[in-house]
Amino acid sequence: MSTEITAPMAGKIIEVKVKVGDSVQEDDELFTLEAMKMEMPIVATSGGKVKEIKVEAGQAVEGDQVLAVLD
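Below is a short write-up of the structure.

Parameters and conventions
- Think of each chain on its own: its residues are numbered from 1, step by step along the sequence as written.
- Reporting of local features is limited, given that this is a predicted model, to residues whose pLDDT is at least 70; pairs of side-chain atoms are given and counted only at 80 or more, and all residues count toward the totals for whole chains, interfaces and linings.
- Each side-chain value is derived from all of the structure's non-hydrogen atoms; neither hydrogens nor water enter the calculation.
- Numbering goes from the N terminus for both helices and strands, where a helix is a DSSP run of H or I of at least four residues and a strand is a run of E of at least two.
- Think of it in three bands: with a 1.4 Å probe and only protein chains considered, a residue is buried below 20% of the maximum accessible area for its type, exposed above 50%, and partly exposed in between.
- Think of it this way: DSSP has to see at least two bridges between two strands before they count as a pair.
- In protein, a polar contact means a hydrogen-donor-capable atom and an acceptor-capable atom, both N or O and within 3.5 Å, with residues adjacent in sequence counting only if both atoms are side-chain atoms; elsewhere, any N or O pair within 3.5 Å suffices.
- We call two residues in contact when some of their heavy atoms are within 4.5 Å.

In the Ramachandran plot, D27 falls in the positive-phi region, its phi being about 80° despite a non-glycine side chain. Its place among the elements puts D27 in the loop between β3 (23–24) and β4 (29–35). Assessed through its relative accessible area of 55%, D27 is described here as exposed. At K37, a position not held by glycine, the phi torsion is positive, near 60°. Relative to the elements of secondary structure, K37 occurs in the loop between β4 and β5 (38–43). Assessed through its relative accessible area of 85%, K37 is described here as exposed.

Written out as structure tokens, the structure is:
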């Protein structure tokens, strides 16, 4: 079953810390999001392998936008 990692709010992705094929554990940091002049980590909600990354550094995102898919 795939798990979608979504943005908690609108902002800008300032760092992508994983690549497709990486194995991650629950709570591993996947992205850094800048919103309201703060940086916040976006973490894996479950363990798995990164199947797809849908954003890149510097990209603006909306709240609830899918950032990555884990298998």
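What follows covers the sheet that holds β3. Taking strand neighbours across the sheet as the criterion, the four strands line up as β1-β8-β6-β3 in an open arrangement whose pairing is antiparallel. Both edges of this open sheet fall to β1 (3–6) and β3, since each of them pairs with a single strand only. Two strands pair when backbone bridges link them, and β1 and strand β8 (residues 66–70) are joined in this way by four bridges, in the antiparallel orientation. Paired with T3 across the two strands is L70, which belongs to β8.

The residue T32 is located in strand β4 in this model. For T32, the side chain forms a polar contact with the side chain of E29, separated by 3.1 Å. Discounting chain neighbours no more than four positions away, the residues touching T32 are K12, I13, I14, E15, K17, E39 and M40.

This part is about the sheet that holds strand β7 (residues 60–61). Judged by pairing direction, the sheet is antiparallel, and its four strands sit side by side in the order β5-β4-β2-β7 without closing on themselves. If you trace the sheet from one side to the other, it starts and ends with β5 and β7, each paired once. When strand β2 (residues 11–16) meets β4, the two strands line up antiparallel, connected through four bridges. From the neighbouring strand, E15 faces β4, where its bridge partner is T32.

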